Amino acid sequence: VKRGFLTLWRDHEWSTSLGSLLGIVVMFQLLLLGLIGIAAVRSLLLTEPDLKIEIRAEASRGDTQRFSSALRELPSVADVEYITREQELARAEKDNPAFAEFLDASGIQNPFQDTVNVTLQSLQDFSRVSSFLALPEWQRVVEPTFLSSVTTQEQRVREFLGVARSGRTLVELLLVIAGVILLSTIVELTRRSALARSEEVLVERLVGANALSIFLPFAAEATILLWASIAVSGLILTGFLALLPSVIPSLVQGGVTSPLRDAATPLLLTFLPFSFALEIVLSPVLAAVGSWLGIRSLVRSPSIRLARH
């Protein structure tokens, strides 16, 4: 390990090697971030999907309240929120003042209907709630066109889940490719370093040094460079995540994609530290494999063994 540090300090091309490894490691970290994003999307789709049930204009408040109470008693339902058309109008005017001005200019009183927002326990509960809404006693309460939209919404969620699965498979494939590229880069960097110090390797072989004593300094160099790349890529990734809300304003609290941020945050706090720790632990293994593949032709050179005899 000491020889590896000293060789890196002496070698003025270590920055080039570090830059090559850093680019690949940063790409690897971004792919991991993409995997976390896909997991967050999948979590949003599978965990507590929402339904916005429109209430018929002629339905009485009593029937609507009874309908909401019946929904709350369903085991498939996690939460129910009854929103009147007046509350919906007030919310829309608060979120978009231009919309309020448009209503005043057009003479429109209130275009909204009473709604019941339902949070389901899981995606599988779509069909159960749909069967409940189709009961004859609720035909005077639920907007007729809503029943077909429930099926459409479930189909869309399943389609999004299929896209998420395909995206995860693609990212995992890219991670494998990035790992192969990283290993190939270590092999090439080690081979170049060994060729640049071929005379030193030759002297070591001639004086009887075994393969392990020649191999370990190269493995130590590759490990140090990998650890440095992981540390710098961690800083880059942290800065990227810190700047992301300013690049995508909808990620802030109350934004359109803020639920995605809320779902991804626990995954980031759990998965990223674990992945960095795993990378640190696996770096010596990857460095050892790459270094051995890079110098084995020199260590096992027949001409060196012949020169010793």
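These lines cover the structure that appears in this document, whether it is placed above or below.

1. Details of the overall build of the protein
- A tally of regular secondary structure across the protein gives 11 helices and 3 strands.
- Counting from the amino terminus, helix and strand elements in the protein follow one another as α-α-β-α-β-α-α-β-α-α-α-α-α-α.
- Buried residues in the protein amount to 38% of all 309 residues.
- Once local pairs closer than 6 in sequence are excluded, the contacts in the protein between residues at least 24 apart make up 82%.
- Here the protein has roughly 17,900 Å² of accessible surface; of this, 64% comes from carbon and sulfur atoms.

2. A short note on the sheet that holds strand 1 (residues 50-54)
- Spatial ordering of the open sheet is given by 1-3-2, a layout of 3 strands whose pairing is antiparallel. Two strands in the sheet have a free side with no partner beyond their single neighbour: strand 1 and strand 2 (77-83). Strand-to-strand twist across the sheet, computed as the mean angle between neighbouring axes with direction ignored, equals 20°.
- In this sheet, strand 3 (residues 115-120) lies alongside strand 2 in antiparallel orientation, the contact comprising 6 bridges. Bridge pairing links Y82 to V116 in strand 3.
- Seen against the sheet, helix 3 (residues 61-72) touches strand 1, strand 2 and strand 3 and runs at an angle of roughly 165° to strand 2.
- Strands strand 1, strand 2 and strand 3 of the sheet are contacted by helix 4 (residues 85-95), whose axis makes an angle of about 85° with strand 2.

3. Notes on helix 4
- Every buried residue of helix 4 is listed here: E88, L89 and A92. Looking down the long axis of helix 4, one finds its buried residues gathered within 100° of arc, a one-sided arrangement.
- Where helix 4 is buried, its residues touch strand 1, strand 2, helix 5 (97-106) and strand 3.

4. Observations regarding the environment of D114
- Tracing the backbone shows D114 in the loop between helix 5 and strand 3.
- Sequence-wise, D114 and T84 are 30 residues apart; in three dimensions their C-alpha atoms are separated by 4.5 Å.
- Apart from residues lying up to four places away in sequence, D114 is in contact with I53, E54, I55, R61, Y82, I83, T84 and R85.

5. Thoughts on the packing of helix 8 (residues 198-206) against helix 9 (residues 211-247)
- Relative orientation of the contacting elements helix 8 and helix 9 amounts to 155°, with a least axis distance of 10 Å. Classified by the angle between their axes, helix 8 and helix 9 sit roughly antiparallel to one another. Remark: the crossing between helix 8 and helix 9 carries right-handed chirality. Facing V201, E204 and R205 of helix 8, the residues of helix 9 in contact are A211, S213, I214 and F218.

6. What about the side chain of E279?
- Along the chain, E279 turns up in helix 10 (residues 258-299).
- Summary of buried charges: E279 has no salt-bridge partner, and the nearest side chain of opposite charge, R168, is 18 Å away.
- Each residue touching E279, except ones within four places of it in the same chain, is listed here: F28, Q29, L32 and I230.

7. Topic: the nonpolar core
- Ranked by size, the top nonpolar core spans 20 residues in total, and within it I53, F67, L71, V116 and V118 carry the most contacts.
- Secondary-structure elements contributing two or more residues to this core are strand 1, helix 3, strand 2, strand 3 and helix 6 (125-133).
- Ignoring anything within four residues of it in the chain, the contact list for F67 reads I53, I55, V116, F132, L133, W138, V141 and V142.
- If you look at the next biggest cluster of nonpolar residues, it comprises 18 residues, including L189, A222, L226 and F276.

8. Some words on the pattern of salt bridges
- Scanning the model with the defined rule gives 4 salt bridges in all.
- A salt bridge links D63 to R66, with the nearest nitrogen and oxygen atoms 3.8 Å apart. Note that D63 and R66 are positioned in helix 3 at a spacing of 3 residues, about one turn of the helix.
- For D63, a relative accessible area of 21% puts it in the partly exposed group.
- Here R66 falls in the partly exposed class, since its relative accessible area comes to 39%.
- Across the pair E188 and R192 runs a salt bridge, and its minimum N-O distance is 2.9 Å. Here E188 pairs with R192, and both are found in helix 7 (residues 144-196), just 4 residues apart, close to one helical turn.
- Judged by its relative accessible area of 54%, R192 is exposed.
- What you see here is one network of salt bridges that share partners, running through D63, R66 and E137.

Parameters at a glance
Residues numbered from 1 in each chain as written. Predicted model: local features only at pLDDT ≥ 70, side-chain atom pairs only at ≥ 80, totals over all residues. Heavy atoms only, no water. Helix = DSSP H or I, 4+ residues; strand = E, 2+ residues; numbered from the N terminus. Buried < 20%, exposed > 50% of the residue type's maximum accessible area, 1.4 Å probe, protein only. Contact = heavy atoms within 4.5 Å. Areas by Shrake-Rupley, 256 points an atom, 1.4 Å probe, with all protein chains shown as cover. Pairing = 2+ DSSP bridges. Axes fitted to C-alpha atoms, helices over the stretch in contact; angles between N-to-C directions. Arc of directions from axis to C-beta. Parallel < 35°, antiparallel > 145°, perpendicular 65-115°, else oblique. Left-handed = near helix turned anticlockwise from the far one by under 90°. Lys, Arg positive; Asp, Glu negative; His and termini not counted. Salt bridge = Lys/Arg side-chain N within 4 Å of Asp/Glu carboxyl O. Core = buried A, V, L, I, M, F, W, Y, C linked by side-chain atoms within 4.5 Å.

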